[in-house]
Structure formats: structure tokens, C-alpha cells
Amino acid sequence: MTPRTIDSDAVATIVGQYDARPEMLVQILQRIVQQHGWISDAVIRQLAGELNLSRADVHGVVEYYHDFRTEPPGEHIVKICQAEACQAMGSRELTEHANRVVDQDTTLEPVYCLGNCACAPAVMVDGHTLGRVSTERFDAALAAMRGADS
Ligand code: FES
């Protein structure tokens, strides 16, 4: 499980790698999410202080981008495309199914195009893109993902 706190020294190190330049806020947030999986309120406060921005400025950027989670993710991340081509091929129904079958170790997230439109509906499971995902194929992907843990 992802820790519920993010080490402030690790955040300060990342800020230092960008010379505490406020115009690098998006890149700094990306690095924090790569390393820690999410952005906490404490990190938003810290970044505002270290980058000489308002908390509202930092919070606004975090809210704007889908990938900047504000809750710790589960062990696994499953993204289901909600863009037009995938909707036309059943991604809403697939999402309803996914909401019923994922467990608390899995974070389910919407995404808006995985670049796999020709094979809609598209899903990304822990960074691996799958196409033409039926409910049966989704369940098989979850089972494989869980099997990889044991
Ligand atoms: S619309 Fe779903 S992958 Fe592009």
C-alpha cells in the first residue's frame, strides 16, 4: 500500500533539482507523482513555500491535471479510456463492470485516450495497454495482475 505521507526531504530534493523555479511546477509535480504516486496537502503547502507561489496556484495546477492524484493510489492502477471512440465501443459499461470487480488494492481511473482508439475500448493495467477489452478480458487482466503478486 502506498504510504499516506510523503517525505518532505524527498520533495525538497526534487525542488532543488529544478533550482526552485516556479515555472517548473508541472515538471516538479510529475516527478513527485512518479516517485510517490500522489500529491498530498502537505506537499502543496511545501511547494507553495519553496517556489514562492500561493497554495491556490499550486492547488489549481494539481486539480487541472488528471495524473496528479490527491489520494494515495492502490497497489495497482487500472485506467479505462472514456474518450469518444472507446465510449462508442462500450467503455462506460466496462467502467461500471470494473467498479463492481476491482478491490481496494486497485485504483481505477478515467483516462481520455490511450492512443489505442483503433482497438477500443482501451484499458491500461499497471502501464500495459490492452485493446478490445470485453468484461471477460478485463477480468482475465485483473486475475493476471493479481497472480503476478503471488
Ligand atoms: S479514444 Fe480510447 S484510446 Fe483513443
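A short tour of the structure in this document, coming up.

Conventions adopted
Residues numbered from 1 in each chain as written. Predicted model: local features only at pLDDT ≥ 70, side-chain atom pairs only at ≥ 80, totals over all residues. Heavy atoms only, no water. Helix = DSSP H or I, 4+ residues; strand = E, 2+ residues; numbered from the N terminus. Buried < 20%, exposed > 50% of the residue type's maximum accessible area, 1.4 Å probe, protein only. Contact = heavy atoms within 4.5 Å. Core = buried A, V, L, I, M, F, W, Y, C linked by side-chain atoms within 4.5 Å. 1 Å grid on protein atoms, 1.4 Å probe; cavity = no way out; pocket = protein on both sides within 12 Å on 5 of 7 lines; lining within 4 Å. Points joined across faces, edges and corners; volume = space filled by probe spheres on them. Nonpolar A, V, L, I, M, F, W, Y, C, P; charged D, E, K, R; others polar. Axes fitted to C-alpha atoms, helices over the stretch in contact; angles between N-to-C directions. Left-handed = near helix turned anticlockwise from the far one by under 90°.

Things to note about the environment of V101
Looking at where V101 falls in the secondary structure, it is placed in helix α6 (residues 91-101). Classification of V101 by relative accessible area gives partly exposed; the value is 29%. The contacts of V101, once residues within four sequence positions are left out, are F138, D139, L142 and R146.

A closer look at the nonpolar core
In this structure, I28, I32, I39 and L47 are the most contacted members of the largest nonpolar core, which totals 21 residues. Among the elements of the structure, α1 (8-17), α2 (25-36), α3 (41-51) and α4 (55-64) are those that each provide at least two residues to this core. Excluding anything up to four places from it in sequence, L47 contacts V11, V15, L25, I28, L29, I32, N52 and V58. V102, V125, V133 and A141 belong to the second-largest nonpolar core, a separate cluster that totals twelve residues.

Examining the layout of surface pockets
If you add up the space inside the largest pocket, you get close to 200 Å³. Surrounding the largest pocket, V26, Q30, V33, Q34, Y65, D67, F68, R69 and K79 form its lining. Ranked by residues supplied to the lining of the largest pocket, first place goes to α2 with four residues. The residue inventory of the lining of the largest pocket, partitioned by class, reads four nonpolar, two polar and three charged.

Brief notes about the packing of α6 against helix α7 (residues 135-149)
At a minimum axis distance of 10 Å, the contact between α6 and α7 shows a crossing angle of 35 degrees. Of the two elements, α6 crosses α7, and the hand of that crossing is right-handed. Contacts from L94, H97, A98 and V101 in α6 reach T135, F138, D139, L142 and R146 in α7. In terms of residue class, the contact of α6 with α7 is made up of five nonpolar, two polar and two charged.

Nothing here speaks to function; it is all geometry.
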